[in-house]
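Coordinate inspection notes
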Amino acid sequence: MRTDRGFVLLFVLLGSLVVLFLLVPLVQLFFSVGLGGLGDALGDDEVLSSIFLTLRTAFYAVVLVAVTGIPLAYLIARYDFWGKSLLESLLDVPVMVPHTAAGIALLVAFGHGWLADVFERIGLELIDTTTGIIAAMMFLSAPFLINGAKEGFRKVDPRLEGVARTLGASPMVAFWTIALPNARNDIINGALMMWSRGLGEFGAVVIIAYHPMVAPVLIYDRFNSFGLKYSAPVAASMILVSVGLFLMVRMINNRLR
């Protein structure tokens, strides 16, 4: 029993160190900014505009990846095919790529050449547009949603879909009524992780679309131009809004579970 207590205390101590490391900077940031500084930042039209732009573009990125990535995740989870392991590895590559390098890659691929001409003809431009911001967020955060959906589908017993098929359901009906509802929690968690990652994206966004400014770029711009005093309130405001929304969606998902 003493051995168990010592073991637990050691792990509690080690765990507490990383918790403090993660929480102390955030708590100190809010204390240094104060309610007055936070209120001033949230009353600044430029700050609010950048925060809402960040929230909106991150949401659009999640929706676009959900429409295309969830079917891909289902295929990977349900079927074996040649190159499957390679495909799964390639899907994880954006997580390992330096974000500024990802921004340069997007700029080279879609900002110039024939692909840029194709996008321009259909009315899409990436450089200094919200479309470019969404593209940068999608490129670097899509693996979180795809992998979350993939693991969710793997937890669903294929025999449930098989029973639905024997009762006359089409593959699409079985997907919508069996696989998707049962994988919902993992998909939502993956979407939240992708959305959260998109909110903090800076390196790729600043390369491809400095303007209009999302919150991370505005924080960087104010820090470079005016220093810590004017950038810290913006950072605290963004953290407050994003964490509040994240916790709200997570609580709703847990209750539905």
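Above this note sits the structure.
Overview of the structure. Nothing here was measured: the structure is a model prediction, and the numbers come from that model. (Residues numbered from 1 in each chain as written. Predicted model: local features only at pLDDT ≥ 70, side-chain atom pairs only at ≥ 80, totals over all residues. Heavy atoms only, no water.)

A few words now on the overall build of the protein. Counting its regular elements, the protein contains 12 helices and 0 strands. For the protein, the sequential pattern of α-helices and β-strands runs α-α-α-α-α-α-α-α-α-α-α-α. Principal-axis analysis of the C-alpha atoms places the extent of the protein at approximately 70 × 65 × 30 Å. Considering the protein as a whole, with its 257 residues, one finds that 38% of them fall into the buried category. Taking the intrachain contacts of the protein between residues at least 6 apart in sequence as the baseline, contacts between residues at least 24 apart amount to 78%. For the protein, the computed accessible surface area is about 15100 Å², with 70% contributed by carbon and sulfur atoms. Of note, the protein has its 18 positive side-chain charges centred 13 Å away from the centre of its 18 negative side-chain charges. (Helix = DSSP H or I, 4+ residues; strand = E, 2+ residues; numbered from the N terminus. Buried < 20%, exposed > 50% of the residue type's maximum accessible area, 1.4 Å probe, protein only. Contact = heavy atoms within 4.5 Å. Areas by Shrake-Rupley, 256 points an atom, 1.4 Å probe, with all protein chains shown as cover. Lys, Arg positive; Asp, Glu negative; His and termini not counted. Charge placed at Lys NZ, Arg CZ, Asp CG, Glu CD.)

Here the focus is helix H3 (residues 84–96). With 13 residues, H3 ought to run about 18 Å at 1.5 Å a step, and its terminal C-alpha atoms sit 19 Å apart, in line with that. Turning to H3, its buried residues are Lys84, Glu88, Leu91 and Pro94. Buried positions along H3 lie against helix H2 (45–78) and helix H6 (130–155). (Expected span 1.5 Å × (residues − 1).)

Tallying each qualifying case throughout the model produces 9 aromatic pairs. With 6.2 Å between their ring centres and 55° between their planes, Phe59 and Tyr60 make a pair best called tilted. Here Phe59 falls in the partly exposed class, since its relative accessible area comes to 48%. The partly exposed category is assigned to Tyr60, whose relative accessible area is 40%. Between Tyr74 and Phe175, the aromatic rings sit 5.0 Å apart at their centres with planes inclined by 80°, giving edge-to-face as the arrangement. Taken together, the residues Tyr74 in helix H2 and Phe175 in helix H8 (residues 171–182) connect sequence positions 101 residues apart. The exposure class assigned to Tyr74 is buried, which follows from its relative accessible area of 13%. Classification of Phe175 as buried rests on a relative accessible area of 11%. Members of the aromatic cluster, joined through ring pairs, are Tyr74, Phe153, Phe175 and Trp176. (Phe/Tyr/Trp six-rings, centres within 6.5 Å; stacked < 30°, edge-to-face > 60°.)

Here we come to H6. Its 26 residues place the ends of H6 36 Å apart at the C-alpha level, agreeing with the 38 Å of an ideal helix rising 1.5 Å per residue. Along H6, the largest kink reaches about 55° and is centred on Ser141; proline Pro143 follows within four residues of it. (Bend = angle between axes of the 7 residues up to and from the residue.)

As a packed pair, H2 and helix H9 (residues 184–199) sit with axes 9 Å apart at the nearest point and diverge in direction by 140°. By the angle class used here, H2 and H9 are oblique. You can see that H2 and H9 cross each other, and the crossing is right-handed. Side by side, H2 and H9 meet where Thr54, Leu55, Ala58, Phe59, Ala61, Val62, Val65 and Ile70 of the first sit next to Ile187, Ala191, Met194, Trp195, Gly198 and Leu199 of the second. (Axes fitted to C-alpha atoms, helices over the stretch in contact; angles between N-to-C directions. Parallel < 35°, antiparallel > 145°, perpendicular 65-115°, else oblique. Left-handed = near helix turned anticlockwise from the far one by under 90°.)

Turning our attention to the side chain of Ser50. Tracing the sequence through the fold places Ser50 in helix H2. Ser50 gets classed as buried once you look at its relative accessible area, which sits at 2%. Here the side chain of Ser50 touches Val47 through a polar contact of 2.8 Å, landing on its backbone oxygen. In contact with Ser50, other than residues within four places in its own chain, are Met213, Val214, Ala215 and Leu218. (Polar contact = N/O pair within 3.5 Å; in protein donor to acceptor, adjacent residues only side chain to side chain.)

Let's shift gears to the environment of Leu124. In this fold, Leu124 is placed in the loop between helix H5 (113–121) and H6. On the basis of relative accessible area, Leu124 is assigned to the partly exposed category, the value being 32%. When the C-alpha positions of Leu124 and Leu167 are compared, they lie 45 Å apart, and in sequence the two are 43 residues distant. Among all residues touching Leu124, those that are not within four sequence positions of it are Phe119 and Thr131.

With that out of the way, let us pick up the pattern of salt bridges. On inspection of all chains with the given rule, the structure shows 10 salt bridges. In this structure, Asp44 engages Arg222 in a salt bridge whose closest nitrogen and oxygen atoms are separated by 3.0 Å. With Asp44 in the loop between helix H1 (2–42) and H2 and Arg222 in helix H11 (residues 215–226), this pair connects stretches of sequence that are 178 residues apart. Among the salt bridges present, the one from Glu151 reaches Arg154, with a minimum N-O distance of 3.3 Å. Of this pair, Glu151 and Arg154 both sit in helix H6, 3 residues apart, roughly one helical turn. (Salt bridge = Lys/Arg side-chain N within 4 Å of Asp/Glu carboxyl O.)

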